[in-house]
Amino acid sequence: QVQLVESGGGLVQAGGSLRLSCAASGRTFSSYAMGWFRQAPGKEREFVAAISWTGDSTTYTDSVKGRFTISRANAKNTVYLQMNSLKPEDTAVYYCGAAAPFGSATMDARDFGSWGQGTQVTVSS
């Protein structure tokens, strides 16, 4: 399994931007489909965005389409989540996950075998 470490969270005002990073260990990072999920207090973990192992396919939950962008830099073993036009309802702990090798961009949490420890994102109104 791949080990993941998220960073880039913080406190931002509504309308602001943050870029989350997820650094992965292991030489096989480029073969994993990757994704971002989030969990707000008292709520279930929910899907945010995913990217295929090739990087040419992405998918997003409806509430972040047009505002968030997932990307990957295989040479740096890193996946990113650029978050623009942030809203208070985006406040959550954001988790990075690694899905099956050579997989497509998947929204199903059951497809993810490795998770990071999470990074807190707080958007003030």
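One structure accompanies this document, and this report is about it. (Residues numbered from 1 in each chain as written. Predicted model: local features only at pLDDT ≥ 70, side-chain atom pairs only at ≥ 80, totals over all residues. Heavy atoms only, no water.)

## Thoughts on the sheet that holds strand 3 (residues 18-24)
The line we're drawing: Here, a strand pair is defined by DSSP locating no fewer than two bridges between the strands. Helix and strand labels come from DSSP, where a helix needs a run of H or I of at least four residues and a strand needs a run of E of at least two; each type is numbered from the N terminus. All axes are obtained by fitting lines to C-alpha atoms, using only the stretch in contact for helices, and the reported angles, taken between N-to-C directions, cover 0 to 180 degrees.
Ordered by their spatial adjacency, four strands build an open sheet running 1-3-8-7, and the pairing between neighbours is antiparallel. Looking at the sheet topology across the chains shown, the edges are occupied by strand 1 (4-7) and strand 7 (68-73). Along the sheet, successive strands turn relative to each other by an average axial angle of 15°, direction set aside. Note that strand 1 and strand 3 share four bridges and pair antiparallel. Along strand 3, the bridge assignment pairs L4 with A24.

## Some words on the pattern of salt bridges
Pairs can form between side chains of opposite charge whenever their charged atoms are close. The condition that has to hold: Whenever Lys or Arg places a side-chain nitrogen within 4 Å of a carboxyl oxygen from Asp or Glu, that contact is recorded as a salt bridge. Burial here depends on accessible area, computed with a 1.4 Å probe over protein chains only, as a share of the maximum for the residue type. Under 20% is buried, over 50% is exposed, and the range in between is partly exposed.
Following the criterion strictly, the structure yields five salt bridges and no others. A salt bridge links E46 to R38; the nearest nitrogen and oxygen atoms lie 2.6 Å apart. Owing to a relative accessible area of 6%, R38 belongs among the buried residues under this scheme. As a salt-bridge pair, R110 and D108 come within 2.8 Å of each other at their nearest N and O atoms. Judged by its relative accessible area of 73%, R110 falls in the exposed class.

## What to know about the state of the cysteines
The cut-off we apply is this: The criterion for a disulfide is a pair of cysteine sulfur atoms lying within 2.5 Å.
On inspection of all chains with the given rule, the structure shows one disulfide. The disulfide partner of C22 is C96, and the S-S distance across this bridge is 2.1 Å. Note on the C22 and C96 pair: the S-S dihedral is about -75°, so by sign convention the disulfide is left-handed. Within this pair, whereas C22 is found in strand 3, its partner C96 is found in strand 9 (residues 92-101), the two being separated by 74 residues in sequence. Accessibility classification places C22 together with C96 in one group, the buried group.

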